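Geometric and topological summary
These are the residues of each chain, in order.
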Amino acid sequence: MTIHNLGENNSLMNKFIAEIRDVDIQKDAMRFRRNIERIGEVLGYEMSKSFRYESSQVHTPLGSKEMDLPTDKVVLCSILRAGLPLHQGLLNYFDGAENAFISAYRHHRGDQDAFEVVVNYFAAPSLEGKILVLTDPMLATGKTLENVLKVLKNHGTPAQIHIVSVIGAQEGVAHVQKVFPENTHLWISAIDPELNARGYIIPGIGDAGDLAYGEKL
């Protein structure tokens, strides 16, 4: 897997990342969602540089211009619910993409730290020969993405897989490296060092879904 860690170089994205981490700014759910969306736009723009392009004639009122335009068929697949703002950021740029959605959540038994990932909803077009973009804002253990990959196998074989995440843990990144195909690309804005006992990224941001849409029971 090829890892593209955009956080290794300074850019305006530093501000967006700092704001989603800040416990005071996090209280503004609308700003939190918008920052995740903006990070998705930045990651999507960088990802687009790796796609295929072909020359095409564009006609203007005063003439014509030959330009290289992207030709890949893209499917954006987001993990509900935390993935929705990131999905929107990518969709702002890949406005012609097809869309897929999958529900996956952590199921803790009582107060135990251990959990299993439960997938109970999936809607997607055929993935055969297309570019599959999996969006999951917090790449913690990597188990969610592994389970999603198993479900997606019934919808065709994509030409290539791109994972788009906001923040990941080193353990989670290592896990997806192990279970995803070698030609997979990971586009991410920051990689944090560790997980806590319940599988949350440290220092991370907390629960992205709760911060974006409110706490759940």
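Treat the numbers as computed from the prediction; the structure is a model and nothing was measured.

The final tally for this structure, using the stated rule, is 1 aromatic pair. Aromatic side chains F51 and F94 sit 5.8 Å apart centroid to centroid with 45 degrees between the ring planes, which places their arrangement in the tilted category. One end of the pair, F51, is in the loop between α2 (29–48) and β2 (53–60); the other, F94, is in the loop between α3 (84–93) and β5 (98–108), with 43 residues separating them in the sequence. A residue is classified by how much of its surface remains accessible, and F94, at 13% relative accessible area, is buried.

This next bit is on the packing of helix α1 (residues 13–21) against α2. Here α1 crosses α2 at 145 degrees, and the two axes come no closer than 9 Å. Viewed along their axes, α1 and α2 form a crossing whose handedness is left-handed. Contacts between α1 and α2 pair M13, K15, F16, I17, E19 and I20 from the former with R31, F32, N35, I36, R38, I39 and V42 from the latter. Here the contact of α1 with α2 is composed, by residue class, of 8 nonpolar, 1 polar and 4 charged.

Criteria and thresholds
- Residues numbered from 1 in each chain as written.
- Predicted model: local features only at pLDDT ≥ 70, side-chain atom pairs only at ≥ 80, totals over all residues.
- Heavy atoms only, no water.
- Phe/Tyr/Trp six-rings, centres within 6.5 Å; stacked < 30°, edge-to-face > 60°.
- Helix = DSSP H or I, 4+ residues; strand = E, 2+ residues; numbered from the N terminus.
- Buried < 20%, exposed > 50% of the residue type's maximum accessible area, 1.4 Å probe, protein only.
- Axes fitted to C-alpha atoms, helices over the stretch in contact; angles between N-to-C directions.
- Left-handed = near helix turned anticlockwise from the far one by under 90°.
- Contact = heavy atoms within 4.5 Å.
- Nonpolar A, V, L, I, M, F, W, Y, C, P; charged D, E, K, R; others polar.

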